[in-house]
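What follows is each chain in one-letter form.
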Amino acid sequence: MNVYQFNIKKNIKDNSFFENGSIILLGKFEVFHIGHKILYDQAKKYQTNEKIGILLIVKDEKNQLQTVENRLENLFYIGFDFVILANFDFEFKKIEGNEFIKYLDLNFNVKHYIVGSDFRFGYNKKFLASDIKTISQREVDIIDIFKFQNQKVSSSSIKQMHEFGEYNLINQLLVNPLTFDIEIKNQTIIWTQECVKPHFGNYFFQILIDDYWYSGLIRFSINRQIEFKLINFKDTKSIFDQKSKIKIIDIERIIVNQKYDLISEKDIEKTKHFFSI
């Protein structure tokens, strides 16, 4: 998967990768959910020899649920051919909508745009999705907003679910589980990502150790400590200090008071059953 940096003042050096054209998804895509997957599936319907790409808006990572690296990794596994990274800074905010679209047309040999009906772009977000049709001669598909249980699915709503520990809902809305950066130190997990931890509770999870994903249970305690138990890795003491990643798969139970702030044998049995181990 090729990665390009959006720079309105500088064209890309070599766009031979797009000799057969491209199909581009436009949006913020902070968290790639099933509503976004509808856009991708629509692009696949039109694809012959074109490359399918996505414009990724990059904001201050302190407020993001996923790091740029984890977002890129997710898009790679979904099947995108290329990504355009656009830093949401002062310069980007000043770009007029017609300049924005014309830059994409020129540099990426766009044949088709796929956008959600709520897409806004350009200075002060004054351009609508429908305006792309007047700016560009390319084909434009505008897809209706995706709703789940009669509610619009958005990155902000998924962030809120994360904070409340509602992973039973989150993983119905995502294409792939959320991935978080952590550090293993003295056989414990240190949360190194800028976003907040999920709600106090026990969660079924997977952790990356030596290029293999191991399954188990992770506890986010009331006192903010993180404990974990692996069910297919027998000797956690042999895990040396390292940077790693975890995936939260589902909620096992929310912790509401100190009495139940632990990982019990019953929790472990439920975890084995969940992962069929």
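The following paragraphs examine the structure supplied in this document.

Attention shifts here to the overall build of the chain. Regarding its fold elements, the chain presents eight helices and 16 strands. Along the three orthogonal principal directions, the C-alpha set of the chain runs to about 65 × 40 × 35 Å. The 277 residues of the chain split such that 49% are buried. Put simply, the chain shows about 14,500 Å² of open surface, and 47% of that area lies on carbon and sulfur atoms. Of the charged side chains in the chain, 38 are positive and 36 negative, and the gap between their average positions amounts to 3 Å.

Pairing is antiparallel across the open sheet formed by six strands, whose spatial order is β12-β11-β16-β13-β14-β15. Edge positions in the sheet fall to β12 (188–191) and β15 (226–230), since each has one partner strand and no second. Ignoring strand direction, the axes of neighbouring strands in this sheet form an average angle of 45°. Bridge count for strand β13 (residues 201–209) against strand β16 (residues 242–254) is seven bridges, and the pairing is antiparallel. Looking at the pairing, Ile207 lines up with Ile246 of β16.

Turning our attention to the side chain of His36. Relative to the assigned elements, His36 resides in helix α1 (residues 34–46). On the basis of relative accessibility, which here comes to 12%, the residue His36 falls in the buried class. Setting aside its immediate chain neighbours within four residues, His36 contacts Leu25, Phe29 and Val31.

Right, let's get into the sheet that holds strand β2 (residues 22–26). Pairing within the open sheet is parallel, and its six strands lie in the order β1-β4-β3-β2-β5-β8. One side of each edge strand has no neighbouring strand; the edge strands of this open sheet are β1 (2–5) and β8 (139–143). Neighbour to neighbour, the strand axes of the sheet diverge by 20° on average, direction disregarded. The sheet strands contacting helix α2 (residues 68–78) are β1, β3 (51–58) and β4 (82–87), and the helix crosses β3 at an angle near 160°. Running at roughly 140° to strand β5 (residues 110–116), helix α4 (residues 97–108) makes contact with β1, β2, β3, β4 and β5 of the sheet.

Let us now look at the pattern of salt bridges. Inspection of every chain in the model, using the stated rule, returns 16 salt bridges. Lys9 serves as the salt-bridge partner of Glu91, at 4.0 Å between the closest nitrogen and oxygen. Taken together, the positions of Glu91 in helix α3 (residues 90–94) and Lys9 in the loop between β1 and β2 put the pair 82 residues apart, joining distant regions of the chain. Residue classification places Lys9 among the exposed residues on the basis of a relative accessible area of 70%. With a shortest N-O distance of 3.7 Å, Arg253 and Glu252 are connected by a salt bridge. By relative accessible area, which is 9% here, Glu252 ends up buried. Ionic contacts of the salt-bridge type, sharing partners, join the residues Arg219, Glu227, Lys229 and Asp261 into one network.

Let us look at the nonpolar core. Grouped together as the largest cluster of nonpolar side chains are 31 residues, with contacts concentrated most on Phe180, Ile189, Ile207, Ile218 and Ile246. No other element matches β13, which puts four residues into this core. Listed in part, the 28 residues of the second largest apolar core include Ile57, Phe82, Leu104 and Val110.

Calculation notes
Residues numbered from 1 in each chain as written. Predicted model: local features only at pLDDT ≥ 70, side-chain atom pairs only at ≥ 80, totals over all residues. Heavy atoms only, no water. Helix = DSSP H or I, 4+ residues; strand = E, 2+ residues; numbered from the N terminus. Buried < 20%, exposed > 50% of the residue type's maximum accessible area, 1.4 Å probe, protein only. Areas by Shrake-Rupley, 256 points an atom, 1.4 Å probe, with all protein chains shown as cover. Lys, Arg positive; Asp, Glu negative; His and termini not counted. Charge placed at Lys NZ, Arg CZ, Asp CG, Glu CD. Pairing = 2+ DSSP bridges. Axes fitted to C-alpha atoms, helices over the stretch in contact; angles between N-to-C directions. Contact = heavy atoms within 4.5 Å. Salt bridge = Lys/Arg side-chain N within 4 Å of Asp/Glu carboxyl O. Core = buried A, V, L, I, M, F, W, Y, C linked by side-chain atoms within 4.5 Å.

The values are spatial; any link to function lies outside them.
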